[in-house]
Amino acid sequence: MHEVSDSLNSSARVTGLLPVLAVNKDEDIRIREAALEVFSKRGYPERNDEEYKYSPAGKIFSTFTSSETGVSPVVADLPSGIRISFSGSAIIISGDVRLPQGFIVCTLQDALEQKHPAAIRYLNKLFGQPEDSLLALNISEALTGLFIYAPVKCILPEVLHIIYPESSAENTLLNLRNLFVFSDQSECNISEYWLCSSKQNQGLTWSSEIVLEGSARLNIYKNQFAENGAVLFDHTHAQVLGKGVLKTATLSHGGKWIRNNLTIELLSSHAEVHLNGLFSTSDKQHVDHHTAVIHAEPHCNSFQLYKGVLQQQSSGVFNGKILVRRDAQKTNAYQSSQNLVLGNHASINAKPQLEIFADDVKCSHGSSTGKIDHDALFYLRCRGLSEESAKRLLIDAFSSQVLDTIEDDAIKAFASGRIFSDSI
């Protein structure tokens, strides 16, 4: 095993003593040990791993030991709705709104103990044998997780706010897992928050399996705002099984190192997905977005738009892949990466990709990177704006296309107030 792997696992739990996050203990041990074997062989991904060529993880993770506990930070200005926070292996649900009948929010352990059919059917089915060693680490070490289930025709009018925990100890890594299942004709809005308020060196990995059945609709917003010492690995794998619609927006600012893996499988005709992202980096921060949209059936639509604003010595990555399988005729797929580089030592690596095996499709992709338009800046300054105000106005205009995809005004205001909190 690599030295960095030994560093993390030296204080680790014995697999058989970890909480059961599978249909039974034997299955849990099998899944964890198989994932641990992958991680042990590969270690933390370095530059020789094509998927981590610009985001090597060994140096970032090598100081961490596994953490046993984590508590969600208190967020005074969180938008109204139903709040879910973590306290150790338990979750706390708060808010004035009652959940609709049949709508379930609980820990994965509780869902499995109650033998919920959706948990039994889908848990551990989407990831399969993990190829990403950080995902393998997450699966082998996960302490707890969140289970969300929406029954048929259930519409949740309020936003479900999930506040992920932070460790109380320095140089520790928390590992969590989620399963979200939305039945036919259900509708839900979820807003996730990684708001690491401490400046100490600490990390969080979380992985989510998301299933949309029938004509389910889900909006999920990922708010990632943290102090400079924090590290995040987020792996989300979703399957759209019917004529459902999945919309995401990932907003990132702060932290030392952020990696977002987002894989979407469109497994039924007329399924649709919208992936949007906006990140702002400064100092030596690093944000990496890896997306994969798999069109497996005809008449499906996918749209991806990711934008970045990079300052000082910060760096970013966008690696997006659209795979159109042979039977996925009449596919409509769009992908774009657009970036503003404001720092002389800032950098962005963008790699949009298309793999098309069908012959009747409409697909496009592209990437653009540049600096602020000096003519536009001059135009605004001639009309009385200071240089700082003019730059901020141009950055706001550049970012608005992504921010406007957030359908909830309160979440949009929350994210807008943080993503450029120290810009310019």
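Whatever comes next refers back to the structure up there.
A quick note: this is a predicted structure, and the numbers were derived from the prediction, not measured. (Residues numbered from 1 in each chain as written. Predicted model: local features only at pLDDT ≥ 70, side-chain atom pairs only at ≥ 80, totals over all residues. Heavy atoms only, no water.)

1. Re the side chain of Asn276
(1) Moving on: Summarising the element assignment, Asn276 is placed in strand β14 (residues 272–281).
(2) Moving on: Excluding residues that lie within four positions of it along the chain, Asn276 makes contacts with Thr248, Ala249, Thr250, Leu305, Tyr306, Val402 and Thr405. (Helix = DSSP H or I, 4+ residues; strand = E, 2+ residues; numbered from the N terminus. Contact = heavy atoms within 4.5 Å.)

2. A word on the pattern of salt bridges
(1) Moving on: Counting across every chain of the model gives 17 salt bridges.
(2) Moving on: Across the pair Glu27 and Arg30 runs a salt bridge whose closest N-O atoms are separated by 2.8 Å. Separated by three residues within a single helix, Glu27 and Arg30 lie in helix α2 (residues 25–42), roughly one turn from each other.
(3) Moving on: A salt bridge links Lys41 to Glu37, with the nearest nitrogen and oxygen atoms 3.3 Å apart. Note that Lys41 and Glu37 are positioned in helix α2 at a spacing of four residues, about one turn of the helix.
(4) Moving on: On the basis of relative accessibility, which here comes to 44%, the residue Glu37 falls in the partly exposed class. (Salt bridge = Lys/Arg side-chain N within 4 Å of Asp/Glu carboxyl O. Buried < 20%, exposed > 50% of the residue type's maximum accessible area, 1.4 Å probe, protein only.)

3. Thoughts on the side chain of Asp28
(1) Moving on: Positionally, Asp28 belongs in helix α2.
(2) Moving on: Filtering out sequence-adjacent residues up to four positions away, Asp28 remains in contact with Pro19, Val20, Leu21 and Ala22.

4. Examining the layout of surface pockets
(1) Moving on: Each pocket or cavity is described by its volume, and for the largest pocket that value is around 750 Å³.
(2) Moving on: If you go around the largest pocket, you meet 28 residues; those closest to its centre are Glu51, Glu131, His235, Thr263 and Ala292.
(3) Moving on: Residues belonging to the lining of the largest pocket are distributed by class as follows: 10 nonpolar, 10 polar and eight charged.
(4) Moving on: Taken as a whole, the second largest pocket spans an internal volume of roughly 420 Å³.
(5) Moving on: For the second largest pocket, the lining is made up of 21 residues, of which Arg47, Pro56, Trp257, His286 and Ser315 are closest to its centre.
(6) Moving on: Elements supplying a minimum of two residues to the lining of the second largest pocket: α3 (58–61), β17 (315–324) and β19 (347–356).
(7) Moving on: Grouping the constituent residues of the lining of the second largest pocket by class yields five nonpolar, 11 polar and five charged. (1 Å grid on protein atoms, 1.4 Å probe; cavity = no way out; pocket = protein on both sides within 12 Å on 5 of 7 lines; lining within 4 Å. Points joined across faces, edges and corners; volume = space filled by probe spheres on them. Nonpolar A, V, L, I, M, F, W, Y, C, P; charged D, E, K, R; others polar.)

5. What to know about the sheet that holds β14
(1) Moving on: The strand order across the open sheet formed by 10 strands is β3-β2-β6-β8-β10-β12-β14-β16-β18-β20, and the pairing between neighbours is mixed. The open sheet is flanked by β3 (90–94) and β20 (362–370), the only strands paired with a single partner. Each strand of the sheet is rotated relative to its neighbour by a mean of 10 degrees, with strand direction disregarded.
(2) Moving on: As defined by bridge partners, strand β10 (residues 217–226) adjoins strand β12 (residues 245–254) across 10 bridges and the pair is classed as parallel. (Pairing = 2+ DSSP bridges. Axes fitted to C-alpha atoms, helices over the stretch in contact; angles between N-to-C directions.)

6. Describing unusual backbone geometry
(1) Moving on: The residue His270 is not glycine, and still its phi comes out positive at about 70 degrees.
(2) Moving on: Along the chain, His270 falls in the loop between β13 (257–266) and β14.
(3) Moving on: Residue class for His270 comes out partly exposed when judged on its relative accessible area of 43%.
(4) Moving on: Residues other than glycine seldom take positive phi values, yet Asp283 does so here, at roughly 55 degrees.

7. Side note on empty space enclosed by the protein
(1) Moving on: Overall, the coordinates contain three cavities of 30 Å³ or more when judged by the stated rule.
(2) Moving on: In this structure, the largest cavity occupies an estimated 60 Å³ of space.
(3) Moving on: Taken together, Lys222, Asp234, Thr236, Thr250, Asn260, Asn261, Leu262, His289, His290, Thr291 and Tyr306 make up the full set of residues lining the largest cavity.
(4) Moving on: Elements with a minimum of two residues in the lining of the largest cavity: β11 (230–240), β13 and β15 (286–295).
(5) Moving on: Considering only residue class, the lining of the largest cavity consists of two nonpolar, seven polar and two charged.

8. Some points on the packing of aromatic side chains
(1) Moving on: Taken as a whole and judged by the stated rule, the model has eight aromatic pairs.
(2) Moving on: Geometrically, the ring pair formed by Phe86 and Tyr164 is stacked, given 5.9 Å between the ring centres and 20 degrees between the ring planes. Of this pair, Phe86 sits in strand β2 (residues 82–87) while Tyr164 sits in the loop between β6 (160–163) and β7 (172–182), and the two are 78 residues apart along the sequence.
(3) Moving on: A relative accessible area of 2% means that Phe86 is categorised as buried.
(4) Moving on: Above the face of the Phe414 ring, Arg418 is positioned so that its terminal group lies 3.8 Å from the ring centre. (Phe/Tyr/Trp six-rings, centres within 6.5 Å; stacked < 30°, edge-to-face > 60°. Lys NZ or Arg CZ within 6 Å of the ring centre and 35° of its normal.)

9. Topic: the state of the cysteines
(1) Moving on: Scanning all chains against the criterion turns up zero disulfides.
(2) Moving on: For the unlinked cysteine Cys106, the closest cysteine sulfur is that of Cys188, found at 14 Å.
(3) Moving on: Taking relative accessible area as the criterion, Cys106 reaches 10% and is therefore assigned buried.
(4) Moving on: No disulfide involves Cys363; its sulfur sits 11 Å from that of Cys300, the nearest cysteine. (Disulfide = S-S within 2.5 Å.)

Everything listed is a geometric property; what it means functionally is a separate question.
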